[in-house]
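# A closer look at the structure
Chain by chain, the residues run as shown.
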Amino acid sequence: MRNILTFLGFSILLSSCSILDSDLRVRVDSGWLLGSEESGVLSFKGIPFAASTEGVNRWRPPQRKQPWKGIRSAQDYGDYCPQIKRDSLWFELGKTSEDCLTLNVWTPKNSPVSKLPVMVWIHGGGYLQGSGNIPRVNNPEFVKQNVVLITINYRLNVFGFFAHPSLFQKSGNEMVGNYGLLDIIAALEWIQRNIHLFNGNPNNVTVFGESAGASLISYLMVTPQSKGLFHKAISQSAAVGLAPDTHINKRVGFNISGVDIAKKFVKGRGLELDRSLDQLRQLSSDEIIEQLDPRTVFGPMIDGTLIPDHAGLLFAQGKQHDVPFLIGGNSWEASLGRQIGGGFSPKFISRLVPKKDKDILYPGLNGEELEDQVFGDLVLLSTGRYMANQMEYVDSKTYHYHFSYVASEKVNQQPGAAHSDDIAFVMKTLGVELNNVSEKDKQISNSMHNYWVQFAKTGDPNVPGQTHWTAYNQDNGSVLEIGDTIVLRNNFLNERINYHINRGADFLQSMTKK
């Protein structure tokens, strides 16, 4: 009898710990999933890592998903998180709902390697739009070098970053404000509990993301709540570091507080402040989206707990997580400013630099070319270099890059690598973005993908047969330029970038002392 019970217990243990059943089923901590197979790769889409955020869960930290009965289909993407359908949207927006905290897993079938490295993509979109469900970032080819790819979704806009004054009284001990960041942490916690079931190694997780996704990685690097949930980080075109961050309850420089942003939103809806939280919770997500001012940005806020202080200052104090770090940006980041315009246009940003300084730093440049270079350096490239510099306060190595390659069909259409152009090269989804993919495009994409995957595997991006990438420090200024050729450059654009770093750091210090 004892032998039978032992055998049954062992069988149950194997069932709960098995990588994948032959019929594409896997049991995660909330229940059974049924996935799909494509080109030797298994996919499980729309997996809920938290409960729906509608109703009483709106503007609350993510809640654990209750177990479901039977087998849940994981063959289609989940709902998109509510967002404004802007003209600038770069993908087809599907059905939206507040039951959107889902992730997608891609894993090789019959991999000869066990405990594969895990790469977790955090999408961008200015905290206002975007999704982990789109073709640009989901590709079965990505995992064929024996990694697991996960793409996640998190709450956006007013649903993801909202500090209504009443929340401080009604939320008890729950954190207020940074719900989108808490969603990402919840996804990483789900990965720790479940990724072994997909042949992933919970002790080798890399977060990577672009634009707002990269900025969220900057916050992940400094929040105590994410410690141990990831082990390497890749930041592509982040804007967080040198500019002052928004504070939840006080003005910092030009940034009004998160509470004042919420009050402004409530006032614009004609609601009474004391009763407005309950009234807003009674509205549908579509009704709230319809009432949003597209010019208002709801984003991460310093709250003293989840985000203890300005990310750039915490990096400078050596308080970031000590993990290998890969960071960089693109040669024509100003494409973002030209799309947004107004106070974020290259023309406006260029005016922030005195003419005499521009004459010295950018000799021979004028007009839009000058404006674009100043925008890229000031807004994004100097931030990336600054954050790389601050990694000297921890032991882990940092690798710095500059992406300047322009796809063959775009050579005569744009002056450099536009903001977000790098994504399709990393993800090997050029066919989604381009009408015609050249052999040179494929070559650059393969090289870039190889560097990123190798970094996720080992913390060192170097692979045999590719240009050697030396770790960055302030003495060597070593930057890998990924252009028509891939070449290691020392002290790359140092004079220009250091000028903006010095001005930005001084401004950050002055704003935080007030």
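Treat the numbers as computed from the prediction; the structure is a model and nothing was measured.

What counts and what doesn't
- Residues numbered from 1 in each chain as written.
- Predicted model: local features only at pLDDT ≥ 70, side-chain atom pairs only at ≥ 80, totals over all residues.
- Heavy atoms only, no water.
- Helix = DSSP H or I, 4+ residues; strand = E, 2+ residues; numbered from the N terminus.
- Buried < 20%, exposed > 50% of the residue type's maximum accessible area, 1.4 Å probe, protein only.
- Lys, Arg positive; Asp, Glu negative; His and termini not counted.
- Salt bridge = Lys/Arg side-chain N within 4 Å of Asp/Glu carboxyl O.
- Polar contact = N/O pair within 3.5 Å; in protein donor to acceptor, adjacent residues only side chain to side chain.
- Pairing = 2+ DSSP bridges.
- Core = buried A, V, L, I, M, F, W, Y, C linked by side-chain atoms within 4.5 Å.
- Axes fitted to C-alpha atoms, helices over the stretch in contact; angles between N-to-C directions.
- Parallel < 35°, antiparallel > 145°, perpendicular 65-115°, else oblique.
- Contact = heavy atoms within 4.5 Å.
- Nonpolar A, V, L, I, M, F, W, Y, C, P; charged D, E, K, R; others polar.
- Arc of directions from axis to C-beta.
- Phe/Tyr/Trp six-rings, centres within 6.5 Å; stacked < 30°, edge-to-face > 60°.
- Lys NZ or Arg CZ within 6 Å of the ring centre and 35° of its normal.

Another point: the side chain of D303. Examined against the element boundaries, D303 turns out to sit in the loop between α8 (285–290) and α9 (311–316). The charged side chain of D303 is buried without a salt bridge, its nearest counter-charge being K250 at 12 Å. Of the polar contacts made by the side chain of D303, one reaches the backbone nitrogen of L306; its length is 2.9 Å. Looking at D303, its side chain comes within polar contact range of the main-chain nitrogen of I307, at 2.9 Å.

Looking now at unusual backbone geometry. Its identity is not glycine, yet N199 carries a phi of approximately 65 degrees, on the positive side. In this structure, N199 sits in the loop between α4 (179–194) and β9 (200–210). Judged by its relative accessible area of 10%, N199 falls in the buried class. For N491, which is not glycine, the phi torsion reads 55 degrees and is therefore positive.

Moving on, we get to the pairing of strand β14 (residues 486–489). Where strand β13 (residues 479–482) lies against β14, four bridges are found, and the strand directions are antiparallel. Residue pairing in the sheet places V479 in a bridge with R489 of β14. With antiparallel pairing between neighbouring strands as the criterion, β13 and β14 make up a hairpin whose turn holds three residues.

Looking now at the nonpolar core. In a soluble, globular protein the nonpolar side chains are often hidden away together inside. Of all hydrophobic cores here, the largest spans 92 residues; its most connected members are I150, F198 and L220. No other element matches the ten residues that α4 contributes to this core. Counting 40 residues, the second largest nonpolar core, distinct from the first, contains L93, V137, V426 and W469.

Before going further, it helps to spend a moment on helix α5 (residues 212–222). Summarising burial for α5: eleven of the eleven residues are buried, a large majority. Within α5, burial applies to A212, G213, A214, S215, L216, I217, S218, Y219, L220, M221 and V222.

Next up on the list: the packing of α4 against α5. As a packed pair, α4 and α5 sit with axes 11 Å apart at the nearest point and diverge in direction by 70 degrees. One element, α4, and the other, α5, form an angle in the roughly perpendicular class. Residue-level contacts link L181, I184, I185 and L188 of α4 to L216, Y219 and L220 of α5. By residue class, the composition of the contact of α4 with α5 is seven nonpolar, no polar and no charged.

To continue, consider the sheet that holds strand β8 (residues 148–152). Strand order in the open sheet formed by eleven strands is β3-β4-β6-β8-β7-β9-β10-β11-β12-β13-β14, with mixed pairing between adjacent strands. On the outer flanks of this sheet lie β3 (36–38) and β14, each paired with one strand and no other. Ignoring which end each strand starts from, the neighbouring axes of this sheet average 20 degrees apart. In terms of strand pairing, strand β7 (residues 116–122) meets β8 through four bridges, oriented parallel. For V120, the partnering residue across the bridge sits in β8 and is I150. Against the sheet, helix α13 (residues 367–390) makes contact with β11 (325–330), β12 (398–403) and β13, and its axis sits at roughly 165 degrees relative to β11, the strand it touches most.

Okay, the pattern of salt bridges next. A full pass over the atoms with the stated rule returns 19 salt bridges. For R338, the salt bridge goes to E371, with nearest N and O atoms at 3.1 Å. Here R338 is found in helix α10 (residues 334–340), whereas its partner E371 is found in helix α13, with 33 residues between them in sequence. In this structure R338 comes out as partly exposed when scored by relative accessible area, which is 33%. In this structure E371 comes out as buried when scored by relative accessible area, which is 16%. Residues joined in a network through salt bridges with shared partners are D29, R64 and R193.

Let us now look at the pairing of strand β1 (residues 25–28). Only one face of β1 is covered, namely the face carrying V26 and V28; the face carrying R25 and R27 is uncovered. Bridge count between β1 and strand β2 (residues 31–34): four bridges; the pairing is antiparallel. When the bridges of β2 are listed, R25 appears paired with L34. Between the antiparallel neighbours β1 and β2 lie two residues.

To continue, consider the sheet that holds strand β5 (residues 71–73). The three strands are arranged β1-β2-β5 in an open sheet whose pairing can be described as mixed. The open sheet has two edge strands with one neighbour each: β1 and β5. Sheet twist, expressed as the average angle between the axes of neighbouring strands with direction ignored, equals 35 degrees.

When helix α7 (residues 273–282) is considered as a whole, its buried residues turn out to be S276, L277 and L280. Mapping the buried residues of α7 onto a view down its axis gives an arc of 100 degrees, with all of them on the same face. Those residues of α7 that are exposed and angled more than 90 degrees off the buried face are D274 and Q282. Of the surrounding elements, those touching the buried residues of α7 are α3 (165–170), α6 (258–268) and α8.

This part is about the packing of α6 against α7. Two elements in contact, α6 and α7, have axes whose closest approach is 10 Å; the angle formed by their N-to-C orientations is 80 degrees. With respect to each other, α6 and α7 are oriented roughly perpendicular. Contact residues: K263, F265 and V266 in α6; L273, S276 and L280 in α7. Across the contact of α6 with α7, the residue classes break down as four nonpolar, one polar and one charged.

Scanning the entire structure with this criterion turns up 19 aromatic pairs. Within the aromatic cluster, the residues linked to one another by ring pairs are Y399, Y401, Y451, W452, F455 and W469. A cation sits over an aromatic face here: R25 above W32, 5.0 Å from the ring centre. The ring of W59 is capped by R58, whose NZ or CZ atom sits 5.6 Å from the centre of that ring.

Any link to function would need more than the numbers given here.
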